[in-house]
Amino acid sequence: MASIEFKNVDFRYNNNKDENILHNVSFKIKEGEFVSIIGGSGCGKSTTLSLLSGLNHASGGDVTIDGKPVTGPGKDRGVVFQHYALFPWMRAKRNVEFGIKQVLKADKKTISEKAEKYLELVGLGGKGDLFPHQLSGGMQQRVAIARLLAMEPDILLMDEPFGAIDAKNRVALQELLLELLEKEEKKRSVVFVTHDIDEAILLSDRILFMRDHEIYRDLKVPFERPRSREEITVSNEYHEFRRELFDLFYDNDIHQQEKADEKQTAKVGRFSIGSAVGAVG
Amino acid sequence: MMKKFLKKSYIILPHILLAAVLASTALQAEFPKDTTGFTVLSVLLAAVEAALIIRRKKWSAYGITAIVYGLILIWSLYPVINGRESFLFPPPQRISAIFVLDILVILKSIVSSLWLLLLSFVIALILGIGLGMICGKVKRLQNVVMPIARVLSPVPALIYAPYVVAVMPNFTLAALFIITSGLFYPILINVIVTLQHFDPKLRDASDVMGLGLKSTIVNIYLPYCMPSLFNTLAMQISNAFLLLIGAELMGMDSGLGWYVKYNSDFSDYVRVIAGFIVIGMIIAVVNTGLQKLRAKILLWQSAEQ
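What you see is a predicted model; the values in this text were computed from it and never measured. (Residues numbered from 1 in each chain as written. Chains lettered and ligands numbered in written order. Predicted model: local features only at pLDDT ≥ 70, side-chain atom pairs only at ≥ 80, totals over all residues. Heavy atoms only, no water.)

## Remarks on the overall build of chain B
So, point 1. The number of helices and strands found in chain B is 12 helices and zero strands.
So, point 2. The order of helices and strands in chain B, counted from the N terminus, is α-α-α-α-α-α-α-α-α-α-α-α.
So, point 3. In summary, chain B has a C-alpha radius of gyration of 25 Å against a globular reference of 19 Å for 305 residues, an excess of more than 25%.
So, point 4. Counting only C-alpha atoms and orienting by the principal axes, one finds that chain B spans roughly 75 × 60 × 30 Å. (Helix = DSSP H or I, 4+ residues; strand = E, 2+ residues; numbered from the N terminus. Rg over C-alpha atoms; globule rule 2.2 N^0.38 Å.)

Spelled out as structure tokens, the structure:
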């Protein structure tokens, strides 16, 4: 039960009234939909996610879940960050249990069994007694995903969750996530921030491309579920779609460069007028 | 060949020095007057020797033991070098005897001192951590508390001792107050500063879980502060002993500080030095205990942190 809506959302930091981090962002996400947000760095994708998680608040417009405005973090949403934000003083299993305890009032045994189950699900059965620093980056992120899923939120918010993981493990984790989400009975809405085109295509139903703090494109991913990487990557459709996204990134780069040049010219212009006035004065 | 010889000598050296110490003290001791002292000294040396045998695989153990024996040897030979027994540096067998003669007083002093220390540590920890955690969560309170703490904390707690003694109903409470206040500020400031630099990744992770104040403090803030708290405690242990001895010197009637002060009033340097040795050993034991506790509690820290 979770549909998400952004309606004319603006965001800027208090101390900087001129610079919009988000400008007039509007989109809807249906219940059970997997939506990726992609775009160049600094375009506002992580900020969009932080508004949804409740860590930040919109400066203008409405962010709603099932029609209710988001006022802060909530148990209906679970977040995974790029940096495996496990609590380093808790063993892997305790980390998952701690997450479960926040949403479920149950006896120790139930919680322990549930944590065990989810650790097993992410391929870490028997590793529950290790501390985060004893786990590799990929394994830590698996624990974070286990904790996220064990909390059974309606909405999963993932901010470049595989961004800091080596290529081989990233592929394994993408497939794990795909498998876990398709296997689960309950259909969860997912908002997934990434800058990896292939990752976005493999996982999502829709892709939002952000540029200049706005939603620039809203693209439907043309593949049915369940999907497998092997099947979709051999199709022509995949390559065309990939090319389309790639062009968006490429155009964006040129656009950003032009903007930077304009800024530079404006600065130089001001400077020369200023110095000319100074010289006359 | 040469290397092998040096290695062998290094291993044998402590045993030779031990034999020399025993010979030196046995030859100088006046039996039967020094029988107790000599026996106690032998037992203590046997304990050191046992410690060496237990750690015989450790290369440094031989060096450390050799230095300990060497110092005792020089000490025991001092009357020979000096020409006569020194009043200010009584020989080891005299001092060892005190450990038996004064055993009850010394034990009572140890218990009294450690109790005072423990109590002040507990009070300072509860108050310092408690206030620090609340300041970590409530910025406005922090802005009020921090400047005051920064002014008050560098003032050595012993400075207001005369005043505290006059105000407090008895010396024990005065001593307790002085030690506690000396420990309180470093703990408070440590907690506040650690929380000021709270890892933003962990802040986000705990914020999105929507934890309550109590859960945040117990499950997140407290363990987060533990490593730096242990560092502070390790540094404050010697400070605490200084305050303890100082506070006991003011007029208490028990404790290790009192024992040293009381006996130095009578110029009983045999007992004064015995007191020094006991204080040294107690500090060593407390430090080791703290390190063991740290290793146990901070198991979650990786080696490089």
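## A look at the pattern of salt bridges
Side chains that differ in sign of charge can pair as their charged atoms come close.
So, point 1. Inspection of the entire model under this criterion finds 22 salt bridges over all chains.
So, point 2. Among the ionic pairs, Lys109(A) bridges to Glu113(A), the shortest N-O distance being 3.6 Å. On the criterion of helical spacing, the pair formed by Lys109(A) and Glu113(A) is a turn pair, its members being four residues apart in helix α3 (residues 108–121).
So, point 3. Its relative accessible area of 46% is what places Glu113(A) among the partly exposed residues.
So, point 4. Asp198(A) serves as the salt-bridge partner of Arg242(A), at 2.7 Å between the closest nitrogen and oxygen. One end of the pair, Arg242(A), is in helix α8 (residues 236–280); the other, Asp198(A), is in helix α6 (residues 197–203), and 44 residues separate them in sequence.
So, point 5. Its relative accessible area of 31% is what places Arg242(A) among the partly exposed residues.
So, point 6. By sharing partners, the salt bridges in this structure join Glu30(B), Lys33(B), Asp34(B), Glu85(B) and Arg94(B) into a single network. (Salt bridge = Lys/Arg side-chain N within 4 Å of Asp/Glu carboxyl O. Buried < 20%, exposed > 50% of the residue type's maximum accessible area, 1.4 Å probe, protein only.)

## Considering the sheet that holds strand β2 (residues 22–29) of chain A
Whether parallel or antiparallel, the strands of a sheet pair through hydrogen bonds between backbone atoms.
All names here are of chain A.
So, point 1. Judged by pairing direction, the sheet is antiparallel, and its four strands sit side by side in the order β2-β1-β4-β5 without closing on themselves. The open sheet has two free edges, formed respectively by β2 and β5 (68–69), since each of these has just one partner strand.
So, point 2. Note that strand β4 (residues 60–65) and β5 share two bridges and pair antiparallel. Bridge assignment links threonine 64 to a residue of β5, and that residue is proline 69.
So, point 3. Taken strand by strand, helix α1 (residues 45–53) contacts β1 (4–11), β2 and β4, and its axis lies near 120° from that of β1. (Pairing = 2+ DSSP bridges. Contact = heavy atoms within 4.5 Å. Axes fitted to C-alpha atoms, helices over the stretch in contact; angles between N-to-C directions.)

## A few points about the sheet that holds strand β6 (residues 77–80) of chain A
Residue and element names in this part refer to chain A.
So, point 1. One open sheet accounts for six strands, arranged β6-β7-β8-β3-β9-β10; its pairing is mixed. This sheet does not close on itself; its edge strands, each paired only once, are β6 and β10 (214–220). Here the average twist between neighbouring strands, direction ignored, is 20°.
So, point 2. Two strands pair when backbone bridges link them, and strand β7 (residues 155–159) and strand β8 (residues 189–193) are joined in this way by five bridges, in the parallel orientation. Bridged to leucine 156 within β8 is valine 190.
So, point 3. Where α1 meets the sheet, its contacts fall on β3 (34–39), β6, β7, β8 and β9 (206–211), and the angle it forms with β7 comes to roughly 145°.

## What to know about the domain arrangement of chain B
Residues and elements named next belong to chain B.
So, point 1. One can read the domain layout of chain B as domain 1 (2–89) and domain 2 (102–297).
So, point 2. Facing the four residues of domain 1 at the interface are four residues of domain 2.
So, point 3. Of the roughly 330 Å² buried between domain 1 and domain 2 on both sides combined, carbon and sulfur atoms contribute 83%.
So, point 4. The interface formed by domain 1 and domain 2 includes zero salt bridges.
So, point 5. Of the residues belonging to the side of domain 1 that touches domain 2, the class tally is four nonpolar, no polar and no charged. (Domains from an automatic or database assignment. Buried area = accessible area lost by both parts, 1.4 Å probe. Nonpolar A, V, L, I, M, F, W, Y, C, P; charged D, E, K, R; others polar.)

## A look at the interface of chain B and chain A
So, point 1. The partner chain A presents 23 residues to the 19 residues of chain B that form the contact.
So, point 2. In this assembly, chain B packs against chain A so that about 1,800 Å² is buried in total across both faces, 77% of it on carbon and sulfur atoms.
So, point 3. Counting the surface chain B buries against chain A, the share from its top three residues, Val208(B), Met209(B) and Trp300(B), is 40%.
So, point 4. Taken together, the connections running from chain B to chain A amount to zero salt bridges.
So, point 5. Secondary-structure elements contributing two or more residues to the side of chain B that touches chain A are α9 (200–208) and α10 (213–249) of chain B.

## What about the nonpolar core?
So, point 1. Counting residues in hydrophobic clusters, the biggest one holds 104 residues, and the most contacted among them are Phe6(A) and Phe87(A).
So, point 2. When residues of this core are assigned to their parent elements, the largest contribution, 16 residues, is made by α10(B).
So, point 3. Setting aside chain neighbours within four positions, we find Phe6(A) in contact with Val25(A), Ser26(A), Phe27(A), Thr48(A), Leu51(A), Leu52(A), Asp62(A) and Val63(A).
So, point 4. In terms of nonpolar packing, the next biggest core, distinct from the first, is built from 49 residues, Ile100(A), Leu148(A), Ile165(A) and Leu202(A) among them. (Core = buried A, V, L, I, M, F, W, Y, C linked by side-chain atoms within 4.5 Å.)

## Points about the packing of aromatic side chains
Any two aromatic rings considered together are summarised by their centre-to-centre distance and by the angle between their planes.
So, point 1. Under the criterion given, the structure shown has 21 aromatic pairs over all chains.
So, point 2. Between Phe87(B) and Tyr269(B), the ring centres sit 5.6 Å apart and the planes meet at 85°, which makes this aromatic pair edge-to-face. Placement of Phe87(B) in the loop between α3 (59–82) and α4 (92–101) and of Tyr269(B) in helix α12 (residues 269–297) is noted, with a sequence separation of 182 residues between them.
So, point 3. Each member of the aromatic cluster is reached from another via a ring pair, and the members are Phe87(A), Trp89(A), Phe98(A), Phe198(B), Tyr221(B), Tyr224(B) and Trp300(B).
So, point 4. Geometry around Tyr216(A) places Arg211(A) over its ring, the cationic atom sitting 4.3 Å from the centre. (Phe/Tyr/Trp six-rings, centres within 6.5 Å; stacked < 30°, edge-to-face > 60°. Lys NZ or Arg CZ within 6 Å of the ring centre and 35° of its normal.)

## Describing the packing of α3(A) against helix α4 (residues 137–150) of chain A
Helices that pack against each other are described as a pair by the angle of their axes relative to one another and the distance between those axes.
Residues and elements named next belong to chain A.
So, point 1. In the contact formed by α3 and α4, the axes pass within 9 Å of each other and the chain directions differ by 130°. As far as their axial angle goes, α4 and α3 are oblique. α4 is crossed by α3, and the crossing has right-handed handedness. Residue-level inspection shows Lys114, Tyr118 and Leu119 of α3 in contact with α4, the latter providing Val143, Ala146, Leu149 and Ala150.
So, point 2. Among the residues forming the contact of α3 with α4, the class breakdown is six nonpolar, no polar and one charged. (Parallel < 35°, antiparallel > 145°, perpendicular 65-115°, else oblique. Left-handed = near helix turned anticlockwise from the far one by under 90°.)

## Some words on helix α11 (residues 256–265) of chain B
Residue and element names in this part refer to chain B.
So, point 1. Regarding α11, the residues found buried are Leu256, Gly257, Trp258, Tyr259, Val260 and Asn263.
So, point 2. Taken together, the buried residues of α11 touch α4, α5 (103–137), α10 and α12.
So, point 3. Just beyond α11, the residue with positive phi is serine 267, at close to 55°.

## Focus: the pairing of β10(A)
All names here are of chain A.
So, point 1. Of the pairings in the sheet, the one linking β9 to β10 comprises six bridges and is antiparallel in character. Directly across from phenylalanine 209, in β10, lies its bridge partner arginine 217.
So, point 2. Linking β9 to β10, which pair antiparallel, is a turn of two residues; within it aspartate 212 sits at a positive phi near 50°.

## Things to note about unusual backbone geometry
So, point 1. A cis amide bond, omega -5°, links Arg225(A) with the succeeding residue Pro226(A).
So, point 2. In this fold, Pro226(A) is placed in the loop between β10 and α7 (229–233).
So, point 3. Geometrically, the link from Phe31(B) to Pro32(B) is a cis peptide bond, its omega value of 5° lying close to zero.
So, point 4. Within the chain, Glu152(A) stands out as a residue other than glycine whose phi angle is a positive 45°.
So, point 5. Exposure remark for Glu152(A): the relative accessible area of 36% places this residue in the partly exposed category.

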